[in-house]
Amino acid sequence: MPVPSTSFGTYRTIHRSASALPSHFWEVARIKPAHFNTILPIAQKCRDRERAGYPNASANVWVLVWTHLRLDLVLSCTSTEMGTYPIFIASTVPTPRLTQQFLSSRIPVLASTLYQEVPDTRVYSVFGPDAIVNSFAPLWSSLTGISRYAEPYYAAKLSVCTSRTISNRSASIIPGLQMDLRLAVPADLQGVAELCYGFASESDPFTLTRDEALKEASHLIQNKQVWVHGIRQEGTNNGPSEIASIVACTRNADQCATITKVYTNPRWRRRGCAERLVRRVTKILLSSRYEEVALYVAHNNPAAAKVYHRVGFAGLGDGSADGVNCEHWSEIGFDRNVVELGHW
């Protein structure tokens with residue numbers, strides 16, 4: 001039910017199941033599927049499970065902020081098989097319009113509602129466009145008394161590749177090596193788990209134990225969400241290839257797929273493995289039902305930005321030579337001595 005805020009014309013609605021989300025949410029999220037990649041796929045998955053008769057996760061909640069009949073902001077507090085997600089926030093309005101004036105009457109509605117709906121300790125971080133996160137995080141700290149970290153856990157550009165931007169350059173060949181790029185199968189479990197563990201070890205504070213990495217790898221393989229770049233020396237056909245790289249694609253909805261994990265074994269780096277596999281996976285996704293593929297690339301990882309730019313992800317070239325301005329997103333964390341850290 002709509003609940004008015006203190007700001008004239010602004011109100012919020014609270015939804016504790018995805019099935020209860022209004023049709024207007026689905027309509028506007030599908031107009032900007034890349035921007036809503038952290039919210040739409042999860043909501044769609046939750047709704048599908050609810051319709052199939054599975055019980056709704058009672059801790060899930062979505063908060064929508066409206067002005068009159070226009071949806072402005074969406075906040076989600078949801079979970080995954082590996083644990084709880086950060087608080088995700090997205091907006092229906094263009095990034096340049098996320099001004100202080102616009103946010104000052106809306107972010108307090110989101111923060112105060114979340115404060116009423118979930119325990120303080122549940123909110124271990126918030127991820128969204130920079131302007132939104134930088135407005136939400138200090139207000140949340142003020143409400144809860146839980147301090148935030150000055151440095152973001154993650155600061156990145158959101159980039160998109162389409163059939164118009166993808167590069168069709170031929171895959172490079174490494175003399176003396178045989179390469180096998182494919183969807184992972186159960187026999188790859190240990191190799192995928194090893195790279196999941198390596199990825200997490202470089203993603204502090206979201207590290208994994210060996211058992212947790214094995215669980216994540218099993219889930220990715222079972223759901224056909226991870227591709228592998230196998231590699232072996234020529235003339236050694238008797239035995240499995242070594243997994244050099246993985247690419248996971250876990251948040252997919254309607255016309256947009258999102259690459260959520262790219263990792264190369266340090267032993268095989270600087271051989272083009274990541275670029276080769278990302279290009280292959282992106283082509284596969286674009287040749288299926290998806291019109292665009294999204295991913296985030298950290299500001300402090302120029303090497304990855306160059307790889308994705310060569311594949312065809314827009315806005316990542318020097319000086320944005322392709323004329324695309326990527327959205328800037330960040331994740332701000334809260335005091336880990338107080339909150340309950342999740343995983344994503």
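These numbers were taken from a predicted model, which means no experiment stands behind them. (Residues numbered from 1 in each chain as written. Predicted model: local features only at pLDDT ≥ 70, side-chain atom pairs only at ≥ 80, totals over all residues. Heavy atoms only, no water.)

Moving on, we get to the overall build of the chain. From N to C terminus, the chain includes 9 helices and 15 strands. Against the globule reference of 20 Å for 344 residues, the chain gives a C-alpha radius of gyration of 21 Å, in line with a compact fold. In the chain, buried positions account for 53% of the 344 residues. Of the roughly 15900 Å² that the chain leaves accessible, carbon and sulfur atoms contribute 51%. (Helix = DSSP H or I, 4+ residues; strand = E, 2+ residues; numbered from the N terminus. Rg over C-alpha atoms; globule rule 2.2 N^0.38 Å. Buried < 20%, exposed > 50% of the residue type's maximum accessible area, 1.4 Å probe, protein only. Areas by Shrake-Rupley, 256 points an atom, 1.4 Å probe, with all protein chains shown as cover.)

Using the criterion set out here, one finds 18 aromatic pairs in the structure. Judged by centre distance (5.3 Å) and plane angle (50°), the rings of Phe127 and Trp329 are tilted. Placement of Phe127 in strand 8 (residues 125-129) and of Trp329 in strand 15 (residues 327-333) is noted, with a sequence separation of 202 residues between them. Judged by its relative accessible area of 0%, Trp329 falls in the buried class. Clustering of aromatic rings is evident, with ring pairs tying together Tyr85, Phe88, Phe127, Tyr154, Tyr296, Trp329 and Trp344. Taking NZ or CZ as reference, Arg106 lies 4.0 Å from the ring centre of Phe102, over its face. In this structure, Arg210 packs its charged tip against the face of Tyr197, placed 3.7 Å from the ring centre. (Phe/Tyr/Trp six-rings, centres within 6.5 Å; stacked < 30°, edge-to-face > 60°. Lys NZ or Arg CZ within 6 Å of the ring centre and 35° of its normal.)

Turning next to helix 9 (residues 302-311). Residues of helix 9 that are buried include every one of Ala304, Ala305, Val307, Tyr308 and Val311, and no others. Considered in projection along helix 9, the buried side chains sweep an arc of 160° and stay on one side of the axis. Among the exposed residues of helix 9, those pointing more than 90 degrees away from its buried face are Pro302, Ala303 and Lys306. Gly312, located one to two residues past helix 9, shows a positive phi value of around 130°. (Arc of directions from axis to C-beta.)

Here the focus is the side chain of Lys261. Note on placement: Lys261 falls in strand 13 (residues 256-264). Side-chain polar atoms of Lys261 contact the side chain of Glu216, separated by 3.5 Å. What Lys261 contacts, discounting residues up to four positions off in sequence, is Cys196, Phe199, Glu216, Leu220, Ile246, Val247 and Ala248. (Polar contact = N/O pair within 3.5 Å; in protein donor to acceptor, adjacent residues only side chain to side chain. Contact = heavy atoms within 4.5 Å.)

Moving on to the layout of surface pockets. Of the voids in this model, the second largest pocket is the one considered here, and its volume is about 270 Å³. Contributing to the lining of the second largest pocket are 13 residues, with Ala34, Leu158, Val160, Glu292 and Glu327 lying nearest its centre. At 3 residues, the largest contribution of residues to the lining of the second largest pocket is made by strand 9 (residues 154-162). A breakdown of the residues in the lining of the second largest pocket according to their chemical character gives 7 nonpolar, 3 polar and 3 charged. (1 Å grid on protein atoms, 1.4 Å probe; cavity = no way out; pocket = protein on both sides within 12 Å on 5 of 7 lines; lining within 4 Å. Points joined across faces, edges and corners; volume = space filled by probe spheres on them. Nonpolar A, V, L, I, M, F, W, Y, C, P; charged D, E, K, R; others polar.)

Attention now moves to the pattern of salt bridges. Evaluation of the coordinates by the stated rule reveals 13 salt bridges. For Glu117, the salt bridge is made with Arg16, and the minimal N-O distance between the two is 2.7 Å. Of the two residues, Glu117 is situated in helix 4 (residues 107-117) and Arg16 in the loop between strand 2 (10-15) and helix 1 (23-31); the sequence distance between them amounts to 101 residues. The class of Glu117 is partly exposed, set by a relative accessible area of 26%. (Salt bridge = Lys/Arg side-chain N within 4 Å of Asp/Glu carboxyl O.)

Let us now look at the pairing of strand 4 (residues 70-77). Taking burial as the measure, the 8 residues of strand 4 include 7 buried ones, the bulk of the element. Direction of pairing for strand 3 (residues 61-67) relative to strand 4: antiparallel, over a ladder of 7 bridges. Across the sheet, Trp66 pairs through a bridge with Leu71, a residue of strand 4. What sits between the antiparallel neighbours strand 3 and strand 4 is a turn of 2 residues, in which His68 has the positive phi angle 55°. (Pairing = 2+ DSSP bridges.)

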